[in-house]
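Summary of structural features
What follows is each chain in one-letter form.
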Amino acid sequence: MKILAINASPRGKNSNTLQLVEAAIAGAADAGAQIEYLDICRYDIRYCTGCGKCYQTGECPIQDDYADILSKMQNADGLIIGTPVYINAVTAQLKTMLDRMADIIHCQAFTRKYGIVITTGGGGGTDDVISYLGNTLQVLGANMCGSVGAIMAEGPEKFEQQKNEATKMGKILVNAITNQIEFPEQEELHAQMRVRMSALVSANRENMQHEYQYLKEKGWIE
Ligand SMILES: Cc1cc2nc3c(=O)[nH]c(=O)nc-3n(C[C@H](O)[C@H](O)[C@H](O)COP(=O)(O)O)c2cc1C
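Residues numbered from 1 in each chain as written. Predicted model: local features only at pLDDT ≥ 70, side-chain atom pairs only at ≥ 80, totals over all residues. Heavy atoms only, no water.

With an unreviewed UniProt entry as reference, the protein is termed Flavodoxin family protein, source organism Methanogenium organophilum. Under Sequence similarities (unreviewed entry), UniProt gives the following word-for-word description of the protein: "Belongs to the SsuE family. Isf subfamily." (UniProt positions renumbered as here; feature names shortened; annotations may be inferred.)

So, in structure tokens, the structure goes:
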């Protein structure tokens, strides 16, 4: 079982979020997963230009590190996504990567993957980030297994507790993958997304040929 852990703090080794991501990695490793860690701020990920070529070909024409990162995500059974709260949202680096993933959403290509979300904020904002990233995982097709949000102003003792929570969350992620756990309310959203994306891609099939073929092969378009 492969898990890809991403941290989107630009603070490298000094990142608070990294401490929680590392705790989740330790939990997942203890439960038997093979884990790769990516500090996405060290990679060259450029802005989506909205050219729509990925809809046609399945590939982004921008020559940067995104294709490698996407391939690592596609090869993983589970994702740990960590980000600090920046102005009540994820960091620009993470958003830039997510904006490159419209083709993944149209294809619901992360179906049967599992993920957890980790965030730290100075004084708050963690609930907003968890809500956004949890929803993003689901609209990509993946199942959201849980989250940990730590508020640094709550002090070191509380942060230690959150590290333990992150370790537990790493184990929960591995258990969900091992047992292919289904979350009924998320299955409902996945079903709605498949219908919505099939309708969108069918209506635009001339400009979305790769996605049309992909969804047809999946049997989601008749
Ligand atoms: C540009 C910037 C924006 C931030 N915005 C918020 C915010 O909206 N709410 C908050 O509680 N903390 C905010 N913070 C504080 C960070 O979320 C907090 O220090 C976090 O733990 C940093 O994580 P890191 O060490 O992993 O980078 C911000 C910090 C920076 C540098």
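Right, picking up where we left off after that structure.
Buried within helix α4 (residues 92-99) are the following residues: Leu94, Thr96, Met97 and Leu98. Where α4 is buried, its residues meet β1 (2-7), α3 (66-75), β3 (78-84) and α6 (126-139). (Buried < 20%, exposed > 50% of the residue type's maximum accessible area, 1.4 Å probe, protein only. Helix = DSSP H or I, 4+ residues; strand = E, 2+ residues; numbered from the N terminus. Contact = heavy atoms within 4.5 Å.)

Taken as a whole and assessed by the stated rule, the structure comprises 8 salt bridges. Across the pair lysine 171 and aspartate 30 runs a salt bridge whose closest N-O atoms are separated by 2.5 Å. On the criterion of sequence distance, the pair formed by lysine 171 in helix α7 (residues 156-178) and aspartate 30 in helix α1 (residues 16-30) is long-range, its members being 141 residues apart. The exposure class assigned to aspartate 30 is exposed, which follows from its relative accessible area of 61%. Across the salt bridge formed by aspartate 39 and arginine 42, the nearest N and O atoms sit 3.6 Å from each other. You can call arginine 42 exposed: its relative accessible area is 51%. (Salt bridge = Lys/Arg side-chain N within 4 Å of Asp/Glu carboxyl O.)

Okay, the nonpolar core next. If you look at the biggest cluster of nonpolar residues, it comprises 29 residues, and the most contacted ones within it are Ile40, Met73, Leu94, Met97, Met101 and Phe110. At the level of secondary structure, the elements contributing two or more residues to this core comprise β1, α3, β3, α4 and α6. Apart from the residues within four sequence positions on either side, isoleucine 40 is in contact with Ile6, Asn7, Ala8, Ile45, Ile69, Gln93, Leu94 and Met97. If you look at the next biggest cluster of nonpolar residues, it comprises 24 residues, including Ala28, Ile116, Ile177 and Phe183. (Core = buried A, V, L, I, M, F, W, Y, C linked by side-chain atoms within 4.5 Å.)

Neighbouring residues of the ligand: 16 residues in total, closest Ser9, Ser15, Asn16, Thr17 and Val85. The contact in question runs from an oxygen atom of the ligand to an N or O atom on the side chain of arginine 11, over 2.8 Å. A distance of 2.6 Å separates an oxygen atom of the ligand from a polar atom in the side chain of threonine 17. Across the complex, the protein chains shield 71% of the 640 Å² of accessible surface that the ligand would expose by itself. Put simply, the parts of the chain that give the shell around the ligand at least two residues each are α1 and β4 (114-121). In the shell around the ligand, the residues fall into 5 nonpolar, 10 polar and 1 charged. (Near = heavy atom within 4 Å. Polar contact = N/O pair within 3.5 Å; in protein donor to acceptor, adjacent residues only side chain to side chain. Areas by Shrake-Rupley, 256 points an atom, 1.4 Å probe, with all protein chains shown as cover. Nonpolar A, V, L, I, M, F, W, Y, C, P; charged D, E, K, R; others polar.)

Before going further, it helps to examine the packing of aromatic side chains. All chains considered together, the criterion is met by 0 aromatic pairs. The ring of phenylalanine 110 carries lysine 113 above its face, with NZ or CZ at 5.4 Å from the centroid. (Phe/Tyr/Trp six-rings, centres within 6.5 Å; stacked < 30°, edge-to-face > 60°. Lys NZ or Arg CZ within 6 Å of the ring centre and 35° of its normal.)

Moving on to the sheet that holds strand β5 (residues 143-151). With parallel pairing, the 5 strands of this open sheet are ordered in space as β2-β1-β3-β4-β5. Looking at strand neighbours, the two that pair on one side only are β2 (34-39) and β5, the edges of this open sheet. When strand polarity is set aside, the average angle formed by the axes of neighbouring strands in this sheet is 15 degrees. Looking at chain direction, β1 and β2 are connected through 6 bridges and run parallel. Each residue of the ladder has a partner; that of asparagine 7, found in β2, is aspartate 39. Across the sheet, α3 touches β1, β2 and β3, and the angle it forms with β1 is around 135 degrees. (Pairing = 2+ DSSP bridges. Axes fitted to C-alpha atoms, helices over the stretch in contact; angles between N-to-C directions.)

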